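Each chain, written out:
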Amino acid sequence: MKTVGIIAEFNPFHNGHKYLIEQAKRMTNADSVVVVCSGNYVQRGTPSVFDKFQRAEMAIQNGVDAFFELPVFYATASAELFARASVKFLTDLNCVDYLCFGCETNDISELWTVASILSDEPEAYKKYLSDYLKSGVSFPKARMNAFNKYCKSVNISLKHPVDSLLSQPNNILAIEYLKALKYFNSSILPFPIQRRGAGYDSLDLHTEFASATGIRKALKNKMDVTNLVPENCVEIIRNASAVTTEDFDTVFGYKLLVTENFEQYLDVSAELSNRINHYKSVFTDITSFITQIQSKNFTHSGISRALIHILLDIKKSDIESFIRNDYFVYARLLGLNKNSDILSRIKKHSRLDIISKLSSYYSQCTGISRKMLDLSIHADELYRMICMNRYKKIIPTEFERQIIVKS
């Protein structure tokens, strides 16, 4: 029995995700598909458009056999930590044979070349990177320039331009996945799948494979997305309660008012903390606030992640503690295909505690696992409160939610 793993956000689930699942099974000849997916907050530093159980239902209806949640403190982290934690999670399940991921370049040998250089960081590369950073350019630009210069210095020839390999979002994550596989010496084999349809941030909806960004924009504008998602997801989306960053403006504004030491939070440097304190007196909304404090040293996505960590009380010290304790203690299951034997195989081989009933596990867990769960539950209850406030309806608590099961 072979199992393919997929690291995802499904924000929201769309035709491209269904294609990825189908191709992953076809390319690897796998019997089962396991997904580790962001919960109610995602890597770009925003709340997910639909809650994690609605997205789990869409995935389970479209070929996923077991759907696990990536805890919020990793789901909202930098690309490197997001990828490293996700790969560690799949490795710790101890039954995943392959990792499939979509990217703009599916040349695995070339992706491995880039990943190996960035993992090993030869002295010459590090010097070039330091020189470019001192010149005042942003880190992404400095890394690209340093990598390009290093390859020329050692006569490494790449078929694809360096700027496409190191600037396109899915390629960046693909390289981080490979770095993580190497870091953990994981036995999981990577299989890149060429991305089809609209680009990562494209707003083009006249295609079978629209981007998640385009679909979120369409949902926000109350446009019809029926042809952009699998047929069995249409009714789920119609009944779902969409959430936007703007829904969190007031509660984040209050967080700014009652906080002085922002540097304690993940991804907040001393300089960024000073800028946040400087501008917080004129805060009106999250989107414009990001623009106000943005500079060549702080990218939009980097600031977004920092702000979501402030909002959700995700501190550097907590993450350092979790990583020291081997990243994970538990794996929370959100969705399951009952016709698959994947859960029994996971329970037999996994080094993680499998949470199928949160209340039971929570009542007996202590220490690091309790701290991890408390952070996650706090974030989820805030999401729930915002959603209930917007739609004036009662939503079950985390302890009342049931696993999505496909019989």
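Right above here is the structure, for reference.
Residues numbered from 1 in each chain as written. Predicted model: local features only at pLDDT ≥ 70, side-chain atom pairs only at ≥ 80, totals over all residues. Heavy atoms only, no water.

> I would appreciate a short explanation of helix α2 (residues 52-60) in the present structure.
Two residues of an α-helix separated by three or four positions point the same way, owing to the 3.6 residues in each turn. Buried residues dominate α2, accounting for eight of its nine residues. When α2 is considered as a whole, its buried residues turn out to be Lys 52, Phe 53, Gln 54, Arg 55, Ala 56, Met 58, Ala 59 and Ile 60. (Buried < 20%, exposed > 50% of the residue type's maximum accessible area, 1.4 Å probe, protein only. Helix = DSSP H or I, 4+ residues; strand = E, 2+ residues; numbered from the N terminus.)

> Explain the pairing of strand β1 (residues 3-8) here, please?
A regular strand places its side chains on the two faces of the sheet in alternate fashion. Burial of β1 is extensive: six of the six residues sit out of reach of the surface. Here β1 shows two buried faces, one formed by Thr 3, Gly 5 and Ile 7 and the other by Val 4, Ile 6 and Ala 8. The handedness of the β1 to strand β2 (residues 32-38) crossover, carried by helix α1 (residues 15-28), is right-handed. As judged from the three bridges shared by β1 and strand β6 (residues 98-103), these two strands associate in the parallel manner. Residue pairing across strands places Ile 6 opposite Cys 100, the latter belonging to β6. (Right-handed = clockwise from strand over helix to strand, strands pointing away. Pairing = 2+ DSSP bridges.)

> How do you make sense of the nonpolar core when you look at a structure like this?
Ranked by internal contacts, the top residues of the largest apolar core, which has 105 residues, are Phe 68, Leu 90, Leu 93, Phe 147 and Ile 276. Here this core takes ten residues from helix α19 (residues 367-391), the largest share from any one element. If you look at the next biggest cluster of nonpolar residues, it comprises 42 residues, including Val 4, Tyr 19, Leu 219 and Leu 334. (Core = buried A, V, L, I, M, F, W, Y, C linked by side-chain atoms within 4.5 Å.)

> Would you take a moment to explain the packing of helix α6 (residues 123-134) against helix α7 (residues 139-153) for this structure?
In a packed pair of helices, the relevant descriptors are the angle between the two axes and the axis-to-axis distance. For the pair α6 and α7, interaxial distance at closest approach is 8 Å and the crossing angle is 140°. Relative to α7, the element α6 lies oblique. Judged by the sense of rotation from one axis to the other, the crossing of α6 with α7 is right-handed. Contacts from Ala 124, Tyr 125, Tyr 128, Leu 129, Tyr 132 and Leu 133 in α6 reach Phe 139, Ala 142, Arg 143, Asn 145, Ala 146, Phe 147, Lys 149, Tyr 150 and Ser 153 in α7. Class assignment of the residues belonging to the contact of α6 with α7 gives a composition of eleven nonpolar, two polar and two charged. (Axes fitted to C-alpha atoms, helices over the stretch in contact; angles between N-to-C directions. Parallel < 35°, antiparallel > 145°, perpendicular 65-115°, else oblique. Left-handed = near helix turned anticlockwise from the far one by under 90°. Contact = heavy atoms within 4.5 Å. Nonpolar A, V, L, I, M, F, W, Y, C, P; charged D, E, K, R; others polar.)

> I would appreciate a short explanation of the packing of aromatic side chains in the present structure.
Each aromatic ring pair is characterised by the separation of its centres together with the angle its planes make. What the rule picks out here adds up to 21 aromatic pairs. Measuring from centroid to centroid gives 4.9 Å for Phe 73 and Tyr 74, while their planes differ by 70°, and the two rings are edge-to-face. Taken together, Phe 68, Phe 73, Tyr 74, Phe 89, Tyr 183, Phe 184, Phe 322, Tyr 327 and Phe 328 form an aromatic cluster joined through their ring pairs. Here the basic side chain of Arg 84 rests over the ring of Tyr 183, its NZ or CZ set 3.6 Å away from the ring centre. Sitting above the plane of the Tyr 391 ring, Lys 393 keeps its charged end 5.9 Å from the centroid. (Phe/Tyr/Trp six-rings, centres within 6.5 Å; stacked < 30°, edge-to-face > 60°. Lys NZ or Arg CZ within 6 Å of the ring centre and 35° of its normal.)

> I tried to follow a nonpolar patch on the surface on my own but got confused; where do I start?
A cluster of nonpolar residues, Tyr 254, Leu 257 and Val 258, forms a patch on the protein surface that exposes about 360 Å² of accessible area. Inspection of the secondary structure assignment puts Val 258 in the loop between α12 (249-257) and α13 (270-279). (Patch = residues over 30% accessible without salt bridge, like charges linked within 9 Å, V, L, I, M, F, W, Y side chains within 5 Å. Areas by Shrake-Rupley, 256 points an atom, 1.4 Å probe, with all protein chains shown as cover. Salt bridge = Lys/Arg side-chain N within 4 Å of Asp/Glu carboxyl O.)

> How do you make sense of the pattern of salt bridges when you look at a structure like this?
Per the stated rule, a full pass over the model turns up 26 salt bridges. Note that Asp 51 and Arg 401 form a salt bridge whose closest N and O atoms lie 3.6 Å from each other. Here Asp 51 is found in the loop between β4 (46-47) and α2, whereas its partner Arg 401 is found in the loop between α19 and β10 (404-406), with 350 residues between them in sequence. Overall, the relative accessible area of 12% leaves Asp 51 in the buried class. When its relative accessible area of 22% is taken as the criterion, Arg 401 is described as partly exposed. With a closest N to O distance of 2.6 Å, Glu 398 and Arg 332 form a salt bridge. One end of the pair, Glu 398, is in the loop between α19 and β10; the other, Arg 332, is in strand β8 (residues 330-337), and 66 residues separate them in sequence. Considered together, Glu 398 and Arg 332 belong to a single accessibility category, that of buried residues. Here the residues in one salt-bridge network are Lys 52, Glu 69, Arg 332, Asp 380 and Glu 398, joined through shared partners.

> Looking at this structure, how should I read the environment of Met 1?
For Met 1, the position within the fold is in the segment before β1. Along the primary structure Met 1 and Ser 32 are separated by 31 residues, whereas in three dimensions their C-alpha atoms are 8.0 Å apart. Those residues in contact with Met 1 that lie beyond four places of it in its chain are Asp 31, Asp 97, Asp 341 and Arg 345.

> Looking at this model, I keep getting lost on the packing of helix α5 (residues 108-120) against α7. Mind explaining?
As a packed pair, α5 and α7 sit with axes 12 Å apart at the nearest point and diverge in direction by 105°. Considering the angle they form, α5 stands roughly perpendicular to α7. On α7, the residues that touch Val 114, Ile 117 and Leu 118 of α5 are Arg 143, Phe 147, Tyr 150 and Cys 151. Of the residues assigned to the contact of α5 with α7, the class counts are six nonpolar, no polar and one charged.

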